[in-house]
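# Descriptive structure summary
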Amino acid sequence: MIDLDDTDRALLRAMQADGNLSAAGLAKKIGMSQPATWRRIKRLEDANVILGRHLVLDKEKLGFGVTVFLGIKLATKGRVGLADFERAVAAIPEVQLVQHVLGLYDYRLKVVARDLSDFERVLRRRIMTLPSVGNVEANVLLSEEKRPLAL
C-alpha cells in the first residue's frame, strides 16, 4: 500500500471524473503546476495505483442490448479443470468479465449479446460446451449504476 496525501487523492478524483484531462488540465483543477502534476501521475503509475486508462463504449449503440451475469458451478474441480475452463472461456468474445469466486458458484461471467435469442445461442453453443461446466444460473441485467471508488 502506498501513502497518499490529500493532493494525490484530489488528483485521482479528478482523473476518475474526467479521464480525458491532460496533465495541464489536471494541474489547473488541483492547483498545481503541470510538471509537478505529471510527476505525481508518473509516481502513481509506477506504484501501480493507476493501472491504466480505458475507453468506455456504449454497448447498446454498438448493438449489444442484453447483458447477462452467469453463475457457473463446475462439474469437476482441480487445477486441470480450472485451467481448461479459464482458457476456453477467455476465447469467447461475448464474455466481457470472468471472476473466480467463493460461494454457491465457482465463476461469475458477464456476457453481452445482441438480444435474448443471441444470448441463448452463446449459452447453448459456447458456454454450455465449455470443459467442466455443471450448473449455470443466469441473471439478466435490468439497469446499471456506476459508482466510482471512493477516495
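Residues numbered from 1 in each chain as written. Predicted model: local features only at pLDDT ≥ 70, side-chain atom pairs only at ≥ 80, totals over all residues. Heavy atoms only, no water.

### Looking at the sheet that holds strand E2 (residues 95-100)
Strand order in this open sheet of 4 strands is E2-E3-E1-E4, and the pairing throughout is antiparallel. The sheet is open, and its two edges are formed by E2 and strand E4 (133-140), each paired on a single side. On average, each strand axis in the sheet is tilted by 20° relative to the strand beside it, whichever way the strands run. Here strand E1 (residues 66-74) pairs with E4 via 7 bridges, running antiparallel. Residue Lys-73 lies in a different strand from E4, and its bridge partner there is Asn-135. (Pairing = 2+ DSSP bridges. Helix = DSSP H or I, 4+ residues; strand = E, 2+ residues; numbered from the N terminus. Axes fitted to C-alpha atoms, helices over the stretch in contact; angles between N-to-C directions.)

### Here we look at the UniProt feature "domain: HTH asnC-type" (unreviewed entry) in the chain
Summarizing the sequence annotation, UniProt attributes the feature "domain: HTH asnC-type" (unreviewed entry) to residues 4-65 in the numbering used throughout. A distance of 40 Å separates the end C-alpha atoms of residues 4-65, which is 53% helix and 0% strand. (UniProt positions renumbered as here; feature names shortened; annotations may be inferred.)

### Considering the packing of aromatic side chains
Evaluation of the coordinates by the stated rule reveals 1 aromatic pair. Ring centres of Phe-85 and Tyr-107 lie 4.6 Å apart, and the angle between their planes is 40°; on these two criteria the pair is classed as tilted. Residue Phe-85 is located in helix H4 (residues 79-89), and its partner Tyr-107 is located in strand E3 (residues 107-113); the two are separated by 22 residues in the primary sequence. Looking at Phe-85, the relative accessible area reads 0%, which means it is buried. Between Arg-114 and the ring centre of Phe-64, over which it is positioned, the NZ or CZ distance is 4.5 Å. (Phe/Tyr/Trp six-rings, centres within 6.5 Å; stacked < 30°, edge-to-face > 60°. Buried < 20%, exposed > 50% of the residue type's maximum accessible area, 1.4 Å probe, protein only. Lys NZ or Arg CZ within 6 Å of the ring centre and 35° of its normal.)

### Quick look at the nonpolar core
Among the nonpolar cores identified, the biggest contains 19 residues, and Leu-70, Ile-72, Phe-85, Leu-109 and Ile-127 are the most heavily contacted of them. Of all the secondary-structure elements, those providing two or more residues to this core are E1, H4, E3 and helix H5 (116-127). Sort the elements by how many residues they give to this core and E1 lands first, with 5 residues. Excluding its chain neighbours within four sequence positions, the residues that come into contact with Leu-109 are Val-68, Phe-69, Leu-70, Ile-72, Val-89, Val-95, Leu-97, Val-98 and Ile-127. (Core = buried A, V, L, I, M, F, W, Y, C linked by side-chain atoms within 4.5 Å. Contact = heavy atoms within 4.5 Å.)

### Notes on the layout of surface pockets
By volume, the largest pocket amounts to about 1500 Å³. Around the largest pocket sit 43 residues that line it, and Gln-16, His-54, Leu-55, Val-56 and Lys-146 are the ones nearest its centre. Looking at the lining of the largest pocket, the elements with two or more residues in it are helix H1 (6-17), E1 and E3. By residue number, the principal contributor to the lining of the largest pocket is H1, which donates 5 residues. Its residues assigned to classes, the lining of the largest pocket comprises 22 nonpolar, 9 polar and 12 charged. (1 Å grid on protein atoms, 1.4 Å probe; cavity = no way out; pocket = protein on both sides within 12 Å on 5 of 7 lines; lining within 4 Å. Points joined across faces, edges and corners; volume = space filled by probe spheres on them. Nonpolar A, V, L, I, M, F, W, Y, C, P; charged D, E, K, R; others polar.)

### Quick look at a nonpolar patch on the surface
A cluster of nonpolar side chains, Leu-55, Leu-57 and Leu-62, forms an exposed patch at the surface whose accessible area comes to about 350 Å². You can see Leu-57 is positioned in the loop between helix H3 (34-46) and E1. For Leu-57, a relative accessible area of 55% puts it in the exposed group. (Patch = residues over 30% accessible without salt bridge, like charges linked within 9 Å, V, L, I, M, F, W, Y side chains within 5 Å. Areas by Shrake-Rupley, 256 points an atom, 1.4 Å probe, with all protein chains shown as cover. Salt bridge = Lys/Arg side-chain N within 4 Å of Asp/Glu carboxyl O.)

### Topic: the pairing of E2
As paired elements, E2 and E3 share 5 bridges and run antiparallel to each other. Along E3, the bridge assignment pairs Gln-99 with Arg-108. Count of turn residues in the E2/E3 antiparallel hairpin: 6 residues, of which Gly-103 carries a positive phi of about 130°.

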